[in-house]
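Analysis of the macromolecular model
Here are the chains, one letter per residue:
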Amino acid sequence: MNFLGLRTVAGRFRFFAVLEALSWLGLLVGMAFKYLPAEGNEIGVKIFGPVHGGIFVLFVLTALLAARELEWNWKTTVLALLSSIPPFCTVVFEVWAVRTGKLGELSAVGATESPQTLAASS
């Protein structure tokens, strides 16, 4: 099974959760270069600001689609949407969702097969 497979709703949700966290990292590094040196450089924020904004919107849309397709209750949906606000929390939510069975086939594979079994079958 491909870790970041885009063929399923759950796979797309995982992909955008990781991508959103990586764009947060880029934005935070850009902000560090803007504010920490005496002569700040704004290029990182100018690049990663719009990139992060676009990925944020894609994550929210993917979370809403996943909520509908995977039949999440309102609490899970709100948690998914709120996870996009603090840095890196989308990945924390995704790990929680897999462990609690909220991500359909990703949760089923994780619960029934060990990583060694998956590696041996590839």
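None of the values given here were measured: they were computed from a predicted structure.

**Let's talk about the overall build of the protein**
What the protein contains, in helices and strands, is six helices and zero strands. Shown N-terminal to C-terminal, the secondary structure of the protein runs as helices and strands in the order α-α-α-α-α-α. Per-residue burial over the protein gives 31% buried out of 122 residues. Considering only intrachain contacts with a sequence separation of at least 6, the fraction spanning at least 24 residues in the protein is 57%. For the protein, the accessible surface area stands at approximately 7,500 Å², while carbon and sulfur atoms represent 69% of it.

**A word on the packing of aromatic side chains**
One pass over the structure, following the stated rule, counts six aromatic pairs. A centroid spacing of 5.3 Å and a plane angle of 45° characterise the contact between Phe13 and Phe59, whose relative ring orientation is tilted. Within this pair, whereas Phe13 is found in helix H1 (residues 9–35), its partner Phe59 is found in helix H2 (residues 43–69), the two being separated by 46 residues in sequence. For the pair Phe13 and Phe59, a shared accessibility class is recorded, and that class is buried. Relative to Phe93, the ring of Phe13 has its centre 5.8 Å away and its plane inclined at 70°; by these criteria the two rings are edge-to-face. Highlighted residues: Phe13 in helix H1 and Phe93 in helix H4 (residues 89–99), separated in sequence by 80 residues. Accessibility assignment for this pair places Phe13 and Phe93 in one class, buried. Pairwise contacts between aromatic rings join Phe13, Phe59, Trp72, Phe93 and Trp96 into one cluster.

**Structural notes on the pattern of salt bridges**
Considering all chains together, one arrives at two salt bridges under this definition. Its salt-bridge partner being Glu94, residue Arg14 comes within 2.7 Å of it at the nearest N-O pair. Of this pair, Arg14 sits in helix H1 while Glu94 sits in helix H4, and the two are 80 residues apart along the sequence. Neither residue differs from the other here; Arg14 and Glu94 are each classed as buried. With a closest N to O distance of 3.1 Å, Arg68 and Glu69 form a salt bridge. Here Arg68 falls in the exposed class, since its relative accessible area comes to 59%. Of the residues examined, Glu69 reaches a relative accessible area of 43% and is grouped as partly exposed.

**Quick notes on the confidence of the model for the protein**
Do not read the predicted coordinates in detail wherever pLDDT is low. Residues with a pLDDT of 70 or more make up 84% of the protein, whose mean pLDDT is 85. Mean pLDDT in the protein bottoms out at helix H6 (residues 115–121), which sits at 44, and peaks at helix H3 (residues 74–82), which reaches 95.

**Some points on the environment of Ala63**
Position of Ala63 relative to the elements: it lies in helix H2. Spatially, the C-alpha atom of Ala63 lies 9.3 Å from that of Arg12, the residues being 51 residues apart in sequence.

About the criteria used
Residues numbered from 1 in each chain as written. Predicted model: local features only at pLDDT ≥ 70, side-chain atom pairs only at ≥ 80, totals over all residues. Heavy atoms only, no water. Helix = DSSP H or I, 4+ residues; strand = E, 2+ residues; numbered from the N terminus. Buried < 20%, exposed > 50% of the residue type's maximum accessible area, 1.4 Å probe, protein only. Contact = heavy atoms within 4.5 Å. Areas by Shrake-Rupley, 256 points an atom, 1.4 Å probe, with all protein chains shown as cover. Phe/Tyr/Trp six-rings, centres within 6.5 Å; stacked < 30°, edge-to-face > 60°. Salt bridge = Lys/Arg side-chain N within 4 Å of Asp/Glu carboxyl O. pLDDT = per-residue confidence, 0-100.

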